[in-house]
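A structural walkthrough
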Amino acid sequence: MRRDGRAARWLSLFVCFSIMLAGCVGKANPAAGPDGSSWAEEADLNKTETVDELYEQAKKEGKVVVYSQSSRIKDVKASFEAQYPGITVEGFDMSTNEIVEKLVREQEAGVFNADVIFIKDALGVVSSDLVNRGILHSYKPTDIADSLMEPYKSLPALAAYVSIRAVFYNSDVYDAPPVTNWWQLTEPQWKTKVLINDPLDSSDMMELFLAMVRNADEMEKAYKELYGKDLELTEENAGYEFIARLMKNDPVLVKSSDAVVENVGEKGQSNPPVGIGASSKLRNIEQKGLSINASFDMNPKVSVLGPTYIYMANKAPNTAAGKLMIRWMMGEADGLGEGLRPYNVLGSWVTNPEVPHKNPINLDEINGWPYDAEFFYKNTVKFREFWIKHIN
């Protein structure tokens, strides 16, 4: 298995996971109550205030602190400060794993710095651990939540948008996706020509693989539909079998989805690789002039549907400004506000169905696996051990 010249980069991801799974941060902050519910009630997180009411309170606070898993927080900062003079946005652009570790350590130390947390579920760690222990709280103003499509309307927290892991191909060389069934990536013609993020360094990549394990019956059926014969298992199920065969085909492990699309979509190639990366990188077609496209028709499913959530941090010091920011990042009640615009890009699907988007298909048309946070959370360690066992 090839690695773009680097050693394995799995340690940083599993620092935070190993801490939590070992129980080192298994205690909720005593000052917050057993689940933080008392603070949430005091902060009126179940109340829907008007924008004007929040702004008057937020001006007294003077700032809002956002931990964001997206670098586009800088665009949100600019539009928010223009809309709400007198409130400064302190935006921290970090990986999901860095946010989890930083937030847990701060809260355990009684340091309440963050107001708003913009984050994915990170293999179920956020919903199964941080939310359950009251480190993060939901804030769902009804005028916004009621506008969202199902199942996102019914989720415990606001989901701003959904993205997937997509199979990218070079659109100069291929008029149509060269791969339409996941098992094709295990064939000899794609040996050393599949680019992926190391799943031990990318929770999104691991979630896709775990979704295949979770839905192994569908993977087995897809094999038979492609080859006309039953799958012979050497692993526990068809999901793990696919992953093992893919690893034997020497995929190239790269450090980011940017590296995936840049290598796949570079112009002038005659025999380009394919790659699996974040669908939101389709925006690089315009931004970087890449010749890339993504397949939205993979057998048995195109991907796992991964929401990005907006939470309020426990004991947020700038509660009104935090609420105002959450409304802003959701695009306000109609979803058309400037705060959501940086995330409404090609390859991302906002959860308000009335908001125009740039994608070739609608969110409810994506043939994807649902996000199973509980399964991902319970099987993370098992998958890590499987990957390490097969990586050499």
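Quick caveat: nothing in here was measured; it's all calculated off a predicted structure.

So, how was this worked out
- Residues numbered from 1 in each chain as written.
- Predicted model: local features only at pLDDT ≥ 70, side-chain atom pairs only at ≥ 80, totals over all residues.
- Heavy atoms only, no water.
- Helix = DSSP H or I, 4+ residues; strand = E, 2+ residues; numbered from the N terminus.
- Rg over C-alpha atoms; globule rule 2.2 N^0.38 Å.
- Contact = heavy atoms within 4.5 Å.
- Areas by Shrake-Rupley, 256 points an atom, 1.4 Å probe, with all protein chains shown as cover.
- Lys, Arg positive; Asp, Glu negative; His and termini not counted.
- Charge placed at Lys NZ, Arg CZ, Asp CG, Glu CD.
- Buried < 20%, exposed > 50% of the residue type's maximum accessible area, 1.4 Å probe, protein only.
- Pairing = 2+ DSSP bridges.
- 1 Å grid on protein atoms, 1.4 Å probe; cavity = no way out; pocket = protein on both sides within 12 Å on 5 of 7 lines; lining within 4 Å.
- Points joined across faces, edges and corners; volume = space filled by probe spheres on them.
- Nonpolar A, V, L, I, M, F, W, Y, C, P; charged D, E, K, R; others polar.
- Axes fitted to C-alpha atoms, helices over the stretch in contact; angles between N-to-C directions.
- Parallel < 35°, antiparallel > 145°, perpendicular 65-115°, else oblique.
- Left-handed = near helix turned anticlockwise from the far one by under 90°.
- Core = buried A, V, L, I, M, F, W, Y, C linked by side-chain atoms within 4.5 Å.
- Expected span 1.5 Å × (residues − 1).
- Arc of directions from axis to C-beta.

Along its length, the chain carries 14 helices and twelve strands. In summary, the chain has a C-alpha radius of gyration of 21 Å against a globular reference of 21 Å for 392 residues, a match within 12%. Dimensions of the chain along its principal axes, counting C-alpha atoms only, are 65 × 45 × 35 Å. For the chain, the proportion of contacts with a sequence separation of at least 24, taken over those separated by at least 6, is 79%. About 16,100 Å² of surface is accessible on the chain, with carbon and sulfur atoms providing 48% of the total. Side-chain charges in the chain split into 42 positive and 55 negative, and the spacing between the mean points of these groups amounts to 5 Å.

In this section: the pairing of strand β5 (residues 158–163). The two faces of a sheet get side chains in turn, since along a regular strand they alternate between them. β5 sits mainly inside the fold: six of its six residues count as buried. Both β5 and strand β11 (residues 306–313) contribute to a ladder of five bridges, which runs antiparallel. By the bridge assignment, Ala159 is partnered in β11 with Tyr309. Note that β5 and strand β12 (residues 349–350) share two bridges and pair antiparallel. Each residue of the ladder has a partner; that of Tyr161, found in β12, is Val350.

Taken as a whole, the largest pocket encloses approximately 950 Å³ of empty space. Taken together, 33 residues make up the lining of the largest pocket; nearest its centre are Gln69, Ser95, Thr96, Arg165 and Asp204. Going through the elements one at a time, α1 (11–21), α5 (96–108), β5, α8 (203–214) and α11 (257–264) are the ones with two or more residues in the lining of the largest pocket. Ranked by residue count, the leading element in the lining of the largest pocket is α5, at four residues.

Turning next to empty space enclosed by the protein. Taken as a whole and judged by the stated rule, the model has five cavities of 30 Å³ or more. As a volume, the largest cavity reaches approximately 80 Å³. In terms of lining residues, the largest cavity is bounded by Lys120, Ser163, Ile164, Arg165, Asp204, Glu207, Ala278, Ser303, Val304, Leu305, Gly306 and Tyr371. When its residues are assigned to classes, the lining of the largest cavity shows five nonpolar, three polar and four charged.

Moving on, we get to the packing of helix α10 (residues 238–248) against helix α14 (residues 373–390). Where α10 contacts α14, the two axes come as close as 10 Å, and the packing angle between them is 30°. The angle between the axes of α10 and α14 places the two elements in the roughly parallel class. Crossing geometry of α10 relative to α14 is assigned as right-handed. Two secondary-structure elements touch here, α10 through Tyr240, Ile243, Ala244 and Met247 and α14 through Lys382, Phe383, Phe386, Trp387 and His390. Residue composition of the contact of α10 with α14, grouped by class: seven nonpolar, one polar and one charged.

Considering soluble globular proteins, one finds that nonpolar side chains tend to be buried as a cluster. Core analysis: the largest hydrophobic core is formed by 91 residues, its most contacted members being Ile117, Phe168, Trp182, Phe209, Phe242, Ile243 and Trp387. Residues in contact with Ile243, not counting those within four places in the same chain, are Phe209, Val213, Phe383, Phe386 and Trp387. One finds Ile73, Leu158, Ile310 and Ala320 within the second-largest nonpolar core, a separate group that totals 39 residues.

Further remarks concern helix α9 (residues 216–227). Between its first and last C-alpha, α9 extends 17 Å over twelve residues, near the 16 Å set by a 1.5 Å rise per residue. Along α9, the residues that are buried comprise Ala216, Met219, Ala222 and Tyr223. Viewed end-on, α9 has its buried residues packed into an arc of 115°, placing them on one side of the element. Pointing more than 90 degrees away from the buried face of α9 are the exposed residues Asp217 and Lys221.

Let us now look at the pairing of strand β9 (residues 274–278). Buried residues dominate β9, accounting for five of its five residues. For strand β6 (residues 165–170) and β9, the ladder comprises four bridges, and the chain directions are antiparallel. Its bridge partner lying in β9, Ala166 is registered against Gly277. As judged from the two bridges shared by strand β7 (residues 194–197) and β9, these two strands associate in the parallel manner. Across the sheet, residue Val194 finds its bridge partner in β9, namely Val274.

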